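Residue-level listing of the chains:
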Amino acid sequence: MTAPSPRVAIVGAGPSGLYAAGSLLKGSDQVRIDILDCLPTPYGLLRYGVAPDHTSMQGIQRVLAEPFESDRVRFFGMVELGSDITADELREGYDAVVYAAGASEDRRLDVRGEHLPGSRSAREFVAWYCGHPDAEAQSLAGVDTAITFGVGNVAVDVARILLADPDHLATTDMPPPVLDELGAHRVADVWVVGRRGPEHATFTTTELRELLALDGVQPVLHDPVPDDPVDADRRVRQNLAALREAADRVVEEPRARLHLAFWRRPVELVGASGVRAVVLERTALDEAGRVVGTGEREVVGAQLVLRAIGYRGKPLPGVPFDPEAGVVPNTDGRVVDAAGPRPGEYVVGWIKRGPLGVIGTNKSDAAATVRNLLADLADLPAPTGPDAGALLADRGRPASTFADWERIDAEEQAAGQRFGRPRVKVATWHALFDLVRHGRPGGPLEREAE
Ligand code: NAP
């Protein structure tokens with residue numbers, strides 16, 4: 001009798017989960033893979049994090065979709081770990097479980113006034129313009145000045161979207177209500193504020209140059225650009241060169257201004273019913289290299305504050321979590337807890353290593369975890385329980401399938417064709433449910449949509 005094919009569950013259908021699936025298929029011609037996601041749409045941060053005007057990135061979707069061409073891979077959408085299926089059930093139903101849940105929380109500034117209306121995370125703002133069905137609609141009414149804190153690529157993305165020519169955005173896949181809001185706003189000043197110097201900023205040069213070169217936008221540098229530090233790497237030297245060029249750039253009759261201000265941190269957001277101003281304190285590094293305030297303050301009027309100071313992983317029910325680092329504790333992708341290794345549990349992507357790196361970074365990261373998983377596989381105990389398909393069917397809780405996603409995809413592309421765009425994102429749960437329940441009338445999904 002031949003041994004049954006090993007079963008692997010992957011929790012999360014974003015880039016890291018799908019790269020892991022690709023590596024598993026390459027590494028074993030036996031393994032069967034079930035990929036679970038709380039959304040009916042795969043691709044995670046590629047779909048809901050990459051800025052819609054970065055259309056060249058969307059080509060990665062074809063690569064990420066490849067595992068779904070295999071009959072050894074199934075997609076279970078709209079399945080929430082913890083409520084629809086538990087981590088214990090996955091551990092019992094599979095030889096191995098790979099957590100690929102990303103980093104869906106954001107870090108906080110911890111300053112007074114942070115909770116005022118008008119102060120929010122860049123993550124929420126990004127989710128909105130990317131058409132995430134859980135995103136809250138964002139209003140830019142009454143905003144003439146916006147400030148982003150943090151000088152990474154997320155800050156650059158949100159600043160660029162706020163400053164972009166609406167006609168350019170209208171060629172992207174943004175949902176129509178988002179385009180309406182971004183086409184009608186009166187934001188004329190966008191500040192990007194870093195608590196350290198430009199030589200410490202984490203943005204990449206291509207992204208920085210794109211921001212600095214926006215049509216009709218005058219860059220305003222609030223600090224002299226320093227000479228290249230002796231130990232500066234290529235990216236830092238190129239960033240500083242881009243900033244020096246921008247300092248000399250004069251835009252005739254600008255429609256908006258991009259303010260770049262370094263060595264400043266927020267100490268208070270001021271306002272009664274909403275943010276009206278931000279108090280900034282000048283900063284310096286102490287002897288230990290820590291950011292400290294100098295006591296020198298300035299006030300900048302602003303009605304929108306976006307903190308782009310990094311994402312954070314969220315605990316997954318029934319899975320070990322390191323609250324300090326915001327990741328699932330692991331050794332080279334093998335999950336560990338206080339008692340030691342947890343055989344059969346693995347982790348990939350941002351929930352493994354923290355929210356750093358571009359989409360492509362997940363490929364080698366997932367491959368490294370999968371190498372360990374495949375090396376362990378023969379020694380892992382065989383499953384003792386039903387797989388996700390059997391469990392969910394038993395509960396009368398059918399998941400959405402890859403075919404359901406293909407229907408959503410086709411609908412988005414057809415809508416795009418009507419408007420001369422690559423696609424138009426379906427951005428509400430209601431519309432997604434409608435497309436998913438097609439062909440499955442009267443199921444629990446229909447009840448949930450009501
Ligand atoms: P990031 O690159 O880690 O940048 C976070 C920024 O927030 C840093 O400037 C950091 O400054 C600052 N910060 C942290 N805590 C702060 C505080 N309490 N007060 C003020 N500033 C604070 O993170 P990200 O921008 O969220 O990007 C996450 C990852 O996604 C990155 O690897 C990024 O490259 C990638 N990404 C790539 C693209 C793209 O390729 N186009 C687009 C978006 C995101 P310190 O350095 O001083 O801590």
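Once a new chain begins, its residue numbering starts again from 1 and follows that chain's sequence as written. Local features in a predicted model are, by the rule used here, given only for residues with pLDDT of at least 70; side-chain atom pairs are given and counted only at 80 or more, and totals for whole chains, interfaces and linings are based on all residues. Processing note: side-chain calculations cover all non-hydrogen atoms of the structure and skip hydrogens and water entirely.

K.L.:
Explain the sheet that holds strand E1 (residues 7–11) residue by residue, including any values.
P.N.:
By the convention used here, strands pair only if DSSP detects at least 2 bridges between them. Every helix listed is a DSSP run of H or I at least four residues long, and every strand listed is a run of E at least two residues long, numbered separately from the N terminus. Taken together, seven strands build an open sheet; the order of strands is E3-E2-E1-E4-E18-E17-E16 and the sheet is mixed. With one partner strand each, in any of the chains shown, strand E3 (73–76) and strand E16 (330–331) form the two edges of the open sheet. Bridge count between E1 and strand E2 (residues 32–36): five bridges; the pairing is parallel. Residue Val-11 lies in a different strand from E2, and its bridge partner there is Leu-36. We call two residues in contact whenever any of their non-hydrogen atoms come within 4.5 Å of each other. The axes used here are C-alpha line fits, helices contributing only the stretch in contact, and every angle between their N-to-C directions lies in the interval 0 to 180 degrees. Running over the sheet, helix H12 (residues 361–376) touches E1, strand E4 (96–99), strand E17 (334–337) and strand E18 (340–347) and is turned about 120° from E18.

K.L.:
Outline the confidence of the model for the protein, supporting the account with residue identities and numerical values.
P.N.:
pLDDT expresses, on a scale from 0 to 100, how confident the predictor is about each individual residue. In the predicted model, the protein carries a mean pLDDT of 95, and 97% of its residues have values of at least 70. Here residues 439–450 is modelled with pLDDT under 50, and outside its nearest four sequence neighbours on either side it reaches 22 contacts, counting other chains as well.

K.L.:
Explain the pattern of salt bridges to me, using residue names and the numbers behind them.
P.N.:
In the sections that follow, a salt bridge refers to a side-chain nitrogen of Lys or Arg positioned within 4 Å of a carboxyl oxygen of Asp or Glu. Taken as a whole, this structure holds 32 salt bridges when the rule is applied. A salt bridge links Arg-160 to Glu-210; the nearest nitrogen and oxygen atoms lie 3.6 Å apart. With a gap of 50 residues between them, Arg-160 in helix H6 (residues 153–163) and Glu-210 in helix H9 (residues 205–212) connect regions that are remote in the sequence. Among the salt bridges present, the one from Asp-365 reaches Arg-353, with a minimum N-O distance of 3.5 Å. Taken together, the positions of Asp-365 in helix H12 and Arg-353 in helix H11 (residues 350–353) put the pair 12 residues apart, joining distant regions of the chain. Think of it in three bands: residues with accessible area under 20% of the maximum for their type are buried, residues over 50% are exposed, and the middle band is partly exposed, with areas taken using a 1.4 Å probe on protein chains only. Its relative accessible area of 28% is what places Arg-353 among the partly exposed residues. Bridged by salt links that share partners, the residues Asp-88, Arg-91, Asp-337, Arg-342 and Glu-345 form one connected network.

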